[in-house]
Amino acid sequence: MIEIPKDVKFIIDTLEAAGFEAFVVGGCVRDVIRGAKPKDWDIATSAEPLEAKALFSRTIDTGLKHGTITVLLNRERYEVTTYRIDGEYLDSRRPETVTFAQRIEEDLSRRDFTINAIAYSPTRGFADPFNGRGDIEAGVIKCVGNAENRFGEDALRMLRAIRFAAVLDFSVDVAALNAITKLKSNLTNISAERIREEMCKLICGANPSAAKLLETTGLLYYALRNREYGGNLDEVINQLNHVSERQKRNESLITNDANEQARLALFLAWAKDDCPNILHDLRFDNNTIKNVSMYVQFLPTEIQPDRYEIKKLMRILSPKHLKILLELQYITAPFGTASQGLILHEAQSIIEKNECFTLRDLAINGNDLLNAGIPSGKAMGETLEKLLDAVMREPSMNTRERLLCEI
Ligand code: ATP
Ligand code: MG
């Protein structure tokens, strides 16, 4: 028995009352069995998309051709997908055709791993033809059917196998690992966006040491879009584990929104100037490229516990990024770990005392300078910079009167 939210049960009951079958399926079933909270609840049904759509008042045509509609209920979205079998794969990427199927077992047989191929219905119980529950118990990622065939159909599954090992803290079955070693170069056919998503989940996972499997199978070269990994993966894995421990103990300055970027910086620290190119090739957004490259660039820079130097850095990086950089330096310890605490303390005090380190916070602005007879343009820029520098050295100077005397 597994517990299903009221609205999900309502969708299943509605489909069943209309004479169709319906199950919850995939990641949600896996997660409930593992004792984790599912991210979303997916439903598989024998009803065809238009038949399912007719039963609910608010739906979205998510992918009618592939059998998926989204049911909107109490501000949540639920994907309802018709049982389907994938047609032939010609490009290791996506099936040429999709055919709707009659039986849940057929739908489960197209899924990637046994742990993801379990369905459950409150009235019909479990459908688990590949012993996914046994593999959850054993903590192993195993393909549904023959690993080489399944990776041959869709090369992304190779990366997904290792990503699930990292996220769930599972091992990967030997047959799957051998198949990955053999077919790794097929990952070239997969879009950068899909690779990026799996790689991000992987480095944020509970068990980053699964990343070692990327190296031992040789898949990492293709995940980096035909590049050798230039770092020491064992060290990086230790660092990622260290971040997780600090986060668990609530000691980390790496906030949730910065987690992925901070981990990417650890993962790509070796790449230095090539870091933006790698991120760009993996189609990361500009903000991520900028922040991660900035962490990587400043990681080897020794910061002095000196207020003026810290302000100069906060001006470039912003206080938030400086904190993350300090934590990354603490974790990678290029200069030992002694001064990070001191620097953080100084940074905190600069912020609490509202000391100025940006032009915006200067007590005078361009208009004041114009009134004082300084023409706009280069001269004004230089004057503002000079005043800011003086204020960063001596905070008490940041009043209008004193600065006007300095011009
Ligand atoms: P997560 O919690 O990370 O979202 P998930 O299991 O829900 O894990 P999704 O990528 O959301 O993973 O996919 C949903 C389900 O669809 C999977 O559980 C699996 O059954 C199936 N699936 C997804 N991608 C593939 C694929 N490339 N090949 C075969 N089956 C797949
Ligand atoms: Mg999912």
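Because the structure is predicted, anything quoted here is derived from the model rather than measured.

(A) A look at helix H13 (residues 256-268). Taking 1.5 Å as the rise per residue, H13 with 13 residues should run 18 Å; its terminal C-alpha atoms sit 19 Å apart, in good agreement. In terms of burial, H13 is largely enclosed, as 10 of its 13 residues are buried. Residues Ala258, Asn259, Gln261, Ala262, Arg263, Leu264, Ala265, Leu266, Phe267 and Leu268 constitute the buried set of H13. On its buried face, H13 sits against helix H9 (192-203), helix H11 (219-223), helix H12 (233-248), helix H14 (275-281), helix H15 (286-298) and helix H17 (319-332).

(B) Seen up close, the layout of surface pockets. Within this model, the largest pocket holds a volume of roughly 1,300 Å³. Asp42, Arg110, Arg111, Asp112 and Arg160 are, among the 37 residues lining the largest pocket, the residues nearest its centre. The greatest single-element share of the lining of the largest pocket, amounting to five residues, is contributed by helix H7 (residues 156-168). Considering only residue class, the lining of the largest pocket consists of nine nonpolar, seven polar and 21 charged.

(C) Structural view of the side chain of glutamate 327. The residue glutamate 327 is located in helix H17 in this model. Look at glutamate 327 and you get buried, because its relative accessible area is 3%. Residues contacting glutamate 327, with those up to four places away along its chain left out, are Arg246, Glu251, Ser252, Leu253 and Ile254.

(D) Quick look at the pattern of salt bridges. On inspection of all chains with the given rule, the structure shows 35 salt bridges. Measuring nitrogen to oxygen at the nearest pair gives 2.7 Å for the salt bridge that ties glutamate 153 to arginine 157. Glutamate 153 gets classed as partly exposed once you look at its relative accessible area, which sits at 23%. The residue lysine 378 makes a salt bridge to glutamate 382 at a minimum N-O spacing of 3.4 Å. In this pair, lysine 378 and glutamate 382 are both assigned in helix H20 (residues 378-393), four residues apart and thus about one turn of the helix distant. Given a relative accessible area of 70%, lysine 378 falls into the exposed group. According to the relative accessible area criterion, glutamate 382 is partly exposed, its value standing at 47%.

(E) How the structure looks around the packing of helix H16 (residues 307-317) against H17. Interaxial distance between H16 and H17 falls to 7 Å at its minimum, and their mutual angle equals 110°. As the angle between them shows, H16 and H17 are arranged roughly perpendicular. Of the two possible hands of crossing, H16 and H17 adopt the one that is right-handed. Between H16 and H17, the contacting residues are Ile310, Leu313, Met314 and Leu317 on the first element and Pro319, His321, Leu322 and Leu325 on the second.

(F) Layout of the site of ligand 1. Around ligand 1, a shell composed of 14 residues is seen, among which Arg30, Lys39, Asp154, Arg157 and Arg163 lie nearest. At 2.8 Å from an oxygen atom of ligand 1 is found a side-chain nitrogen or oxygen belonging to lysine 39. At 2.7 Å, a side-chain N or O of arginine 157 approaches a nitrogen atom of ligand 1. When each cavity is represented as a set of grid points, ligand 1 is found to reside in the largest pocket. The set of elements that each furnish at least two residues to the shell around ligand 1 consists of helix H2 (27-34) and H7. Of all the elements, H7 adds the most residues to the shell around ligand 1, at four residues. Class assignment of the residues belonging to the shell around ligand 1 gives a composition of one nonpolar, three polar and 10 charged.

(G) Looking closely at empty space enclosed by the protein. Taken as a whole and assessed by the stated rule, the structure comprises two cavities of 30 Å³ or more. Considering only enclosed or pocket space, the largest cavity measures out at about 60 Å³ in volume. If you trace the largest cavity, you find it lined by Met199, Ile203, Leu224, Leu264, Phe267, Leu268, Ile278, Leu279, Leu282 and Phe284. When residues of the lining of the largest cavity are traced back to their parent elements, those giving at least two are H9, H13 and H14. Looking at which element gives the most residues to the lining of the largest cavity, the answer is H13, with three residues. Taken together, the residues of the lining of the largest cavity sort by class into 10 nonpolar, no polar and no charged. Reported here for the second largest cavity is a volume of approximately 40 Å³. Surrounding the second largest cavity, Glu302, Ile303, Gln329, Phe335, Ser339, Gln340 and Ile343 form its lining. The leading source of residues in the lining of the second largest cavity is helix H18 (residues 339-352), at three residues.

(H) Looking closely at the sheet that holds strand E5 (residues 76-82). Strand order in the open sheet formed by seven strands is E3-E4-E5-E2-E1-E8-E9, and the pairing between neighbours is mixed. Edge positions in the open sheet fall to strand E3 (59-63) and strand E9 (125-127), since each of these has one partner strand only. Strand after strand, the sheet turns through a mean of 30° between neighbouring axes, direction not considered. Relative to the sheet, H2 contacts strand E1 (22-25), strand E2 (42-45), strand E8 (119-121) and E9, its axis offset from that of E1 by approximately 65°.

Thresholds applied
- Residues numbered from 1 in each chain as written.
- Chains lettered and ligands numbered in written order.
- Predicted model: local features only at pLDDT ≥ 70, side-chain atom pairs only at ≥ 80, totals over all residues.
- Heavy atoms only, no water.
- Helix = DSSP H or I, 4+ residues; strand = E, 2+ residues; numbered from the N terminus.
- Expected span 1.5 Å × (residues − 1).
- Buried < 20%, exposed > 50% of the residue type's maximum accessible area, 1.4 Å probe, protein only.
- Contact = heavy atoms within 4.5 Å.
- 1 Å grid on protein atoms, 1.4 Å probe; cavity = no way out; pocket = protein on both sides within 12 Å on 5 of 7 lines; lining within 4 Å.
- Points joined across faces, edges and corners; volume = space filled by probe spheres on them.
- Nonpolar A, V, L, I, M, F, W, Y, C, P; charged D, E, K, R; others polar.
- Salt bridge = Lys/Arg side-chain N within 4 Å of Asp/Glu carboxyl O.
- Axes fitted to C-alpha atoms, helices over the stretch in contact; angles between N-to-C directions.
- Parallel < 35°, antiparallel > 145°, perpendicular 65-115°, else oblique.
- Left-handed = near helix turned anticlockwise from the far one by under 90°.
- Near = heavy atom within 4 Å.
- Polar contact = N/O pair within 3.5 Å; in protein donor to acceptor, adjacent residues only side chain to side chain.
- Sits in = over half its atoms within 2 Å of the grid points.
- Pairing = 2+ DSSP bridges.

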